[in-house]
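# A look at the structure
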Amino acid sequence: GKDEPDVLGKKCGQLAGPPGEEDFCLYCPREDLLDEAGRALPPLSWENYLPHVGAWMRVTSQAVPWMDGRMAHMVTYVDITAEHAMRDELARLAFFDSQMGLPNGLKLQQDVKERQEGESQYLVCFDVGTLRRVNDAYDRATGALLLKTIANWVSMQGFGYDELYRIEGDAF
């Protein structure tokens, strides 16, 4: 329609790149879209964040036969920002204690596996053995306040740790 941008013949950098971009995108795979005989290879697809748009895009790049017989480079963009937000939220729910906002034991396991082999690792555990008695005598909100107070105190001590995790109900 009249309000749609004129995209025919434009380079992807002009459409999806930052304002003023006049060339192909830096990551353009146009050299990898045809085989030695000039036939189209399967489409290439990746995810890319476009900061000037503020959105995540799934980009698909492929060679397609044009009406005049030449091969044309077709690039499609699909906004997947909501999908990224959902993934981030699922990771937060899986790897963080909802009550304390601290990484949990599952996140600790993941982080330990990702460390470089040969890199020094230290694990210090605090077991708040009286938490159950505090919860029973007062309530869970008071127990949660106790845990938050302990976590804040540990954070302020400057032990030089990378992260404080809540492993189980009363353990850090």
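Scroll up for the structure.
Residues numbered from 1 in each chain as written. Predicted model: local features only at pLDDT ≥ 70, side-chain atom pairs only at ≥ 80, totals over all residues. Heavy atoms only, no water.

### Observations concerning the pattern of salt bridges
As a reminder, the rule being used: Salt bridges are defined as contacts in which a side-chain nitrogen from Lys or Arg sits within 4 Å of a carboxyl oxygen from Asp or Glu. Put simply, DSSP marks the helices as runs of H or I at least four residues long and the strands as runs of E at least two long, and each gets a number from the N terminus on. Burial status follows relative accessibility: with a 1.4 Å probe on protein chains alone, a residue under 20% of its type maximum counts as buried, one over 50% as exposed, and anything between as partly exposed.
Under the definition given, this model contains nine salt bridges. E89 is the partner of R92 in a salt bridge, and the nearest nitrogen-oxygen pair spans 2.7 Å. Of the two residues, R92 and E89 both sit in helix α2 (residues 81-95), three residues apart, roughly one turn of that helix. With a relative accessible area of 36%, E89 lands in the partly exposed category. Among the salt bridges present, the one from D97 reaches R166, with a minimum N-O distance of 3.2 Å. Of this pair, D97 sits in the loop between α2 and α3 (105-114) while R166 sits in the segment after α5 (140-156), and the two are 69 residues apart along the sequence. We note that D97, like R166, is buried. Here the salt bridges share partners, and the residues they tie into one network are E47, R58, E83 and R87.

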